[in-house]
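Topology and contacts: notes
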Amino acid sequence: MSGGRRGILTGGTWCADYNRTVSHWPGEDGLAELFEEERHGGGSGCNLALDIKHLDPAIPVETIGLVGDDDDGRYLRATAAAAGIDTSQMMVTAAAATQFCDAYVSLSSHRRTHIFHAGSGALLTPDHFDFSSTRMRYLHLGLPGVHRILDAPWHDEANGWVVVLKKARAAGLETNLELASVDRALMARLRVPCWSAAR
């Protein structure tokens, strides 16, 4: 089935992660001290692409995503390019800011709390996914539950994720879907229709 294909195409979530270390996670109207702050690329599309390139720079990696025309978007594109990731389908929109996530880790409990802004991720649609020219073997796709349009019905399909998976399979790619930590009922509604599309 691979037909000479080689490499990995990641698609979906590219966001700027602002990792912050705090003394503890406060309750409402509470107060905590901030100790450290770092910005990194995050999301399923970003993380796997960078990890594969760190593992073996010779493995071809492409990505499909949507970022804003802002500093975070330029940071993510530059991070991908510096790692040797093909960003020709990493598109830029002026209609929304780049998706970002504030990730807080508590020094007292070592637990993490995530607060995200959907931004450009909410505008990603099945039409952004073009598999006609890729020679990658695998599609790593995510994250259902945090992309408004992909989470919604698309034409005659239950959601946009189904459409993307079917397009990828028809183009000859093997597919993998990464899930997010979202409400269990929402995740069940989104993922069940994807099972048949991914086969």
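The structure we're discussing is the one just above.
Description of helix α2 (residues 71–82)
Relative to the 16 Å expected for twelve residues at 1.5 Å per residue, α2 spans 16 Å between its end C-alpha atoms, a close match to the ideal helical length. Looking at the buried positions of α2, the neighbouring elements they touch are β2 (15–22), β3 (34–42), β4 (61–68), β5 (86–93) and β6 (100–106). The first or second residue beyond α2 is G84, which carries a positive phi of 85°.

Here we look at unusual backbone geometry
G142 connects to L143 through a cis peptide bond whose omega is 10°. Here D29, not a glycine, exhibits a phi torsion of approximately 70°, which is positive. Among the structural elements, D29 can be located in the loop between β2 and β3. In this structure, H110 is a non-glycine residue whose phi angle is positive, near 65°. Position of H110 relative to the elements: it lies in the loop between β6 and β7 (112–117). Residue class for H110 comes out exposed when judged on its relative accessible area of 62%.

A closer look at the environment of L190
As for its placement among the helices and strands, L190 is situated in helix α5 (residues 184–197). Owing to a relative accessible area of 1%, L190 belongs among the buried residues under this scheme. Here the alpha-carbon distance between L190 and G160, two residues 30 residues apart in the chain, equals 9.3 Å. Not counting residues within four places of it along the chain, the set of residues in contact with L190 comprises P144, G145, D151 and N159.

A few points about the pairing of strand β8 (residues 138–142)
By the criterion of burial, β8 is predominantly enclosed, with four of the five residues buried. As paired strands, strand β1 (residues 8–12) and β8 are joined by five bridges and run parallel to one another. Counted as the bridge partner of T10 is H140 from β8.

Details of the packing of helix α4 (residues 160–170) against α5
Contact geometry for α4 and α5: axes closest at 9 Å, N-to-C directions at 15°. Taken together, the axes of α4 and α5 are roughly parallel relative to one another. Along this stretch, α4 crosses α5, giving a crossing that reads as right-handed. Two secondary-structure elements touch here, α4 through W161, V162, L165, K166 and R169 and α5 through P193, C194 and A197. Considering only residue class, the contact of α4 with α5 consists of six nonpolar, no polar and two charged.

Here's the deal with the sheet that holds β8
With parallel pairing, the five strands of this open sheet are ordered in space as β5-β4-β1-β8-β9. The strands lining the two open edges of the sheet, one partner per strand, are β5 and β9 (174–177). The average angle at which neighbouring strand axes cross in this sheet is 20°, direction not considered. Contacting β4 and β5, α2 crosses the sheet at an angle of about 175° to β5. Where α4 meets the sheet, its contacts fall on β8 and β9, and the angle it forms with β8 comes to roughly 175°.

Here is what the cut-offs are and how they apply
Residues numbered from 1 in each chain as written. Predicted model: local features only at pLDDT ≥ 70, side-chain atom pairs only at ≥ 80, totals over all residues. Heavy atoms only, no water. Helix = DSSP H or I, 4+ residues; strand = E, 2+ residues; numbered from the N terminus. Expected span 1.5 Å × (residues − 1). Contact = heavy atoms within 4.5 Å. Buried < 20%, exposed > 50% of the residue type's maximum accessible area, 1.4 Å probe, protein only. Pairing = 2+ DSSP bridges. Axes fitted to C-alpha atoms, helices over the stretch in contact; angles between N-to-C directions. Parallel < 35°, antiparallel > 145°, perpendicular 65-115°, else oblique. Left-handed = near helix turned anticlockwise from the far one by under 90°. Nonpolar A, V, L, I, M, F, W, Y, C, P; charged D, E, K, R; others polar.

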